Amino acid sequence: MTVSDQEPLKWLPVLMYHRIVDRVEGPDPHRLKIATADFDAQMAYLKARGYQAIPLDAVPAAVGEKSQLKKPVAITFDDGYVDTYTHALPVLKKHGFTATIMLVSDYIGGRNDWDHGREDSMPLLSTGEIRELAQDGIRFGSHGATHESLPDMSIDDVRSELAGSKAKLEQLLGYEIKALAYPYGRCSPDVCRIAEEVGYRAGFGVDHGSHAMFNFSRIDAASCKGDTLLWRLKVSGVYDTLRQRGSLRRLNNLRKRMANGPTYSLNQPIATSST
């Protein structure tokens, strides 16, 4: 049995972010942005409840039955935007957390050209900034070489994409790259198999409920818009349990039938007392 066939034994929230910005202005259809204040509120929630931030490549050990970690959480940032350095890092340092940035290896020091026509063109981390982040305890993983959708590529191209990204990042950083975040959260059985064959230890998608080691779901944390009930349910694992049981569908149906009555949004920030 390979690692990819095994199911983790413990719940572990893996959080996914892209951009941390001063304010979210205008439409954000792909939910790539979260305001710094909302990100700070989420990190404060984790800190107050005793969560311990771990690098993404530590997830396989942390979900095993021999792990002694009580409340691990993995914080990830896809693509490697400069605002991860300017906006996210100060918040992470404030709360004493590490994180893992998933780099698109062929675009280091460039811009997010794969989003042309879909999102604003934004600068990506340079090699110098990456090294500074590493000195502050930030870890790195692969988000592919070119951010292409892996299931849409040929088998040979997938192998070249994943192996090439891994080798380039290892040369830059000087340590083994074990974690892969699938571009667009998309993978397939062949993609998972190749990821394992070329040397990754785990592969991560987005909000799909799977926790197999090469198809491990991450929480789209930016969509929660701060310290909300939805955020707390997702981090605790309750949301995932409800989804697996089909309870979320029943709750949504009930909500529709009660549409004419009072409503409450799960994504409404929770008021906290200052006393």
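Please read all numbers here as calculations on a predicted model, not as lab measurements.

### Overview of the state of the cysteines
If you walk through the whole model with that rule in mind, you get 0 disulfides. We note that Cys187 lacks a disulfide partner, and the nearest cysteine sulfur, in Cys192, lies 3.8 Å from it.

### Here we look at the layout of surface pockets
Empty space among the atoms becomes apparent when a probe as large as a water molecule is rolled across them. Considered as a void within the structure, the second largest pocket measures approximately 330 Å³ in volume. In terms of lining, the second largest pocket is formed by 19 residues, of which the most central are Met16, His18, His30, Leu32 and Tyr184. Residue classes in the lining of the second largest pocket are distributed as 7 nonpolar, 5 polar and 7 charged.

### Examining the confidence of the model for the chain
It should be kept in mind that the predicted coordinates are not to be read in detail where pLDDT is low. Residues with a pLDDT of 70 or more make up 87% of the chain, whose mean pLDDT is 88. Confidence drops under a pLDDT of 50 for residues 1-5, and excluding neighbours within four residues, the segment shows 9 contacts in the predicted structure.

### Points about empty space enclosed by the protein
Going through the model one piece at a time under the given rule, you end up with 2 cavities of 30 Å³ or more. Roughly 100 Å³ of volume is contained in the largest cavity. As for the largest cavity, its lining consists of 13 residues, and the residues nearest its centre are Trp11, Asp207, Ile219, Asp240 and Arg243. Top element by residues in the lining of the largest cavity is helix α8 (residues 238-245). It accounts for 3 residues. Across the lining of the largest cavity, the residue classes tally to 6 nonpolar, 2 polar and 5 charged. Quantified by volume, the second largest cavity comes out at close to 50 Å³. Taken together, the residues of the lining of the second largest cavity break down into 3 nonpolar, 1 polar and 4 charged.

### Things to note about the side chain of Thr98
Mapped onto the secondary structure, Thr98 falls in the loop between α3 (82-95) and β6 (100-103). Among the polar contacts made by the side chain of Thr98, one reaches the main-chain carbonyl oxygen of Gly137 at a distance of 2.7 Å. Sequence-distant contacts of Thr98, that is, excluding residues within four places in its chain, are made with Ala53, Ile54, Pro55, Ile75, Leu92, Gly137, Ile138 and Arg139.

### A short note on the pattern of salt bridges
Any two side chains of opposite charge can pair, given that their charged atoms come close. Scanning the model with the defined rule gives 17 salt bridges in all. Of the charged contacts, one joins Asp220 and Arg31 as a salt bridge, the two residues approaching to 3.3 Å between their closest N and O atoms. Taken together, the residues Asp220 in strand β12 (residues 219-220) and Arg31 in the loop between β2 (19-21) and β3 (33-35) connect sequence positions 189 residues apart. Classification of Asp220 as buried rests on a relative accessible area of 4%. Between Asp227 and Arg232 there is a salt bridge; the shortest N-O distance is 2.8 Å. When salt bridges with common partners are traced through the structure, they connect Arg159, Asp190, Arg193 and Glu197 into a single cluster.

### Remarks on the pairing of β6
Residues Thr100 and Met102 of β6 are buried on one face, and the alternating residues Ile101 and Leu103, pointing to the opposite face, are buried as well. Note: strand β5 (residues 72-79) against β6, 4 bridges, orientation parallel. Across the sheet, Phe77 pairs through a bridge with Ile101, a residue of β6. A crossover connection joins β5 to the parallel β6 through α3; in handedness this β-α-β unit is right-handed. Bridge count for β6 against strand β7 (residues 139-142) is 4 bridges, and the pairing is parallel. What sits directly across from Leu103, in β7, is Ser142.

Calculation rules
- Here the residue numbers are simple positions, counted from 1 along each chain's written sequence.
- In keeping with the model being predicted, local features are shown solely for residues with a pLDDT of at least 70 and side-chain atom pairs are shown and tallied solely at 80 or more, while totals for entire chains, interfaces and linings include all residues.
- Only hydrogens and water are set aside when side-chain values are computed; all heavy atoms of the structure are taken into account.
- Any cysteine sulfur atom paired with another within 2.5 Å is treated as part of a disulfide.
- The distinction between a cavity and a pocket rests on a 1 Å grid over the protein atoms alone: a 1.4 Å probe fits inside a cavity but cannot get out, while a pocket stays open yet meets protein on both sides within 12 Å along at least five of seven lines, and a residue with an atom within 4 Å of a point counts as lining.
- Grid points are joined across faces, edges and corners, and a volume is the space filled by probe spheres set on the points.
- Side-chain classes are defined by residue name, with Ala, Val, Leu, Ile, Met, Phe, Trp, Tyr, Cys and Pro counting as nonpolar, Asp, Glu, Lys and Arg as charged, and the others, Gly among them, as polar.
- A score between 0 and 100, pLDDT records how confident the predictor is in each residue.
- The contact rule is simple, with two residues in contact once any of their heavy atoms fall within 4.5 Å.
- Note on conventions: DSSP H or I runs of at least 4 residues are helices, E runs of at least 2 residues are strands, and numbering of each starts at the N terminus.
- In protein, a polar contact requires one atom able to donate a hydrogen and another able to accept it; more generally it is a pair of N or O atoms within 3.5 Å, and residues adjacent in sequence count only if both atoms are side-chain atoms.
- Basic side-chain nitrogens of Lys or Arg form a salt bridge, by our definition, when they fall within 4 Å of a carboxyl oxygen of Asp or Glu.
- To sort residues, take the accessible area from a 1.4 Å probe on protein chains only and compare it with the maximum for the residue type: under 20% means buried, over 50% means exposed, and anything in between is partly exposed.
- By this definition, two strands are paired if DSSP reports at least two bridges between them.
- By convention, a crossover is right-handed whenever its connection, traced from the first strand over the helix to the second and viewed with the strands pointing away, goes clockwise.

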